[in-house]
Amino acid sequence: TQRKKLIAGNWKMNGSLSANQALLSGLVGQSQGLVADVAVCVPFPYLAQAQEVLKDSAVAWGAQTLSEREPGACTGEVAASMLQEFGCRYVIVGHSERRTLFGESSVVVAQKAEHARVSGLCPIICVGETLAERESGATLNVLKSQLEPLRAGLLTSADFVLAYEPVWAIGTGKTASPEQAQEVHAYLRNWLVERAAAISLEAQQRIAGVRILYGGSMKPANAQSLLAQPDIDGGLIGGASLVLEEFLAICRAA
Ligand code: 3PY
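Criteria and cut-off values
Residues numbered from 1 in each chain as written. Predicted model: local features only at pLDDT ≥ 70, side-chain atom pairs only at ≥ 80, totals over all residues. Heavy atoms only, no water. Near = heavy atom within 4 Å. Polar contact = N/O pair within 3.5 Å; in protein donor to acceptor, adjacent residues only side chain to side chain. Areas by Shrake-Rupley, 256 points an atom, 1.4 Å probe, with all protein chains shown as cover. Nonpolar A, V, L, I, M, F, W, Y, C, P; charged D, E, K, R; others polar. Helix = DSSP H or I, 4+ residues; strand = E, 2+ residues; numbered from the N terminus. Buried < 20%, exposed > 50% of the residue type's maximum accessible area, 1.4 Å probe, protein only. Contact = heavy atoms within 4.5 Å. Axes fitted to C-alpha atoms, helices over the stretch in contact; angles between N-to-C directions. Parallel < 35°, antiparallel > 145°, perpendicular 65-115°, else oblique. Left-handed = near helix turned anticlockwise from the far one by under 90°. Phe/Tyr/Trp six-rings, centres within 6.5 Å; stacked < 30°, edge-to-face > 60°. Lys NZ or Arg CZ within 6 Å of the ring centre and 35° of its normal. Salt bridge = Lys/Arg side-chain N within 4 Å of Asp/Glu carboxyl O. Arc of directions from axis to C-beta. Core = buried A, V, L, I, M, F, W, Y, C linked by side-chain atoms within 4.5 Å.

(A) Representation of the site of the ligand. Residues in close proximity to the ligand include Asn-10, Lys-12, His-95, Glu-165, Ile-170, Gly-171, Gly-216, Ser-217, Leu-236 and Gly-238, which together make up its full environment. Separating an oxygen atom of the ligand from a side-chain N or O atom of Lys-12 is a distance of 2.9 Å. One of the side-chain N or O atoms of His-95 is found 2.8 Å from an oxygen atom in the ligand. With the chains in place, 97% of the 230 Å² that the ligand exposes on its own is no longer accessible. Taken together, the residues of the shell around the ligand sort by class into two nonpolar, six polar and two charged.

(B) View of the environment of His-185. You can see His-185 is positioned in helix H9 (residues 178-199). Assessed through its relative accessible area of 0%, His-185 is described here as buried. Taking the C-alpha atoms as reference points, His-185 and Leu-162, 23 residues apart in sequence, are found 9.5 Å from one another. If we ignore the near neighbours within four places in the chain, the residues touching His-185 are Tyr-164, Ile-212, Leu-213, Tyr-214, Asp-231 and Ile-232.

(C) Molecular detail of the packing of helix H1 (residues 17-30) against helix H2 (residues 47-54). Across the interface, H1 lies against H2 with an axial gap of 10 Å and an inter-helix angle of 30°. When the axes of H1 and H2 are compared, the pair comes out roughly parallel. The hand of the H1/H2 crossing is right-handed. Where H1 abuts H2, its residues Leu-17, Asn-20, Gln-21, Leu-24, Ser-25 and Val-28 lie against Gln-49, Ala-50, Val-53 and Leu-54.

(D) Region of interest: the packing of aromatic side chains. One pass over the structure, following the stated rule, counts one aromatic pair. Across from the ring centre of Tyr-90, 5.5 Å away, lies the NZ or CZ of Arg-89, which sits over that ring.

(E) Structural detail: unusual backbone geometry. Backbone geometry at Lys-12 places phi at a positive 55°, although glycine is not the residue there. With respect to the element layout, Lys-12 can be found in the loop between strand S1 (6-10) and H1. Not every positive phi belongs to a glycine, and Ala-158 is a case in point at roughly 55°. By the element assignment, Ala-158 lies in the loop between helix H8 (152-157) and strand S6 (161-164). Look at Ala-158 and you get buried, because its relative accessible area is 17%.

(F) Highlighting the pattern of salt bridges. For the structure on display, the rule yields 16 salt bridges. A salt bridge links Asp-231 to Arg-189; its shortest N-O distance comes to 3.2 Å. In this pair, Asp-231 is assigned in the loop between helix H11 (220-227) and strand S8 (234-237) and Arg-189 in helix H9, connecting sequence segments 42 residues apart. Exposure class is identical for Asp-231 and Arg-189. Each is buried. Within this structure, Arg-3, Arg-189, Asp-231 and Asp-233 form a network of salt bridges that share partners.

(G) Main features of H2. Turning to H2, its buried residues are Leu-47, Gln-49, Ala-50, Val-53 and Leu-54. Buried residues of H2, seen end-on, are gathered within an arc of 160° and therefore sit on one face of the element. In this structure, the buried side of H2 is in contact with H1, strand S2 (37-41), strand S3 (59-63) and helix H3 (80-85).

(H) Region of the structure containing the nonpolar core. Membership of the largest hydrophobic core comes to 66 residues, with the highest contact counts inside it found for Val-40, Leu-83, Ile-125, Phe-160, Leu-188, Leu-192 and Tyr-214. If one sorts the elements of this core by residue count, H9 sits on top with six residues. Look past the residues within four positions of Tyr-214 in its chain and what remains in contact with it is Tyr-164, Pro-166, Ala-169, Thr-175, Ala-176, Ala-181, His-185, Leu-226, Ile-232, Gly-234, Gly-235 and Leu-236. Core analysis: the second largest hydrophobic core is formed by 14 residues, Ala-60, Ile-92, Cys-122 and Ala-163 among them.

Shown next as structure tokens:
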């Protein structure tokens, strides 16, 4: 299966109206001719701005989390249907910062992904191990337990993206080597195929199209070697997505 690569920026809690304007319009101006799909995941208050600037371009946009609950009495939360109204294509769920700083469990992450799916959004589901887990040889078991709660409906739809983000490589400047990343990506792909096969033949066939991104300090200097791996279908880009030239360089490497 040929999978089109996806480069998605994760702005995290960064940006301002004026800085975003420059970054987004620069992207629109310079993203012609890119082979990969490109997206930016911005803070909630900037979704309208992203929609306005990107609406006639090939660049998609999305959010960085959403509520696992139905709309209603839930102060401070944002529902999938609201993201959909702002034209979001993607929404990140279960980034390690959400898991560690806000206590999101894998069960909650799976609920969020399900809400996204039901509203027609494509969740970018993040998984990854800590340094201690890697060093104790627990990496694959940790990933498996993070994937386990994902619902059959989501797996059958195959309208989701997985992102492998080793926690020890997030915001640390450390990157998994292409071989380390490929090993994990191959495991994740295999998990998806086996799980989908247990659901239905249709699910098994569709799951081959699901993209698995690498995230964790991907930058122009290491993008090419990571993206050359057979099971790395793109990147979820932190810091480098805030710098137009760096983000574009990664997009061009894909
Ligand atoms: C990083 O690049 O550090 C990220 O966390 C991307 O999501």
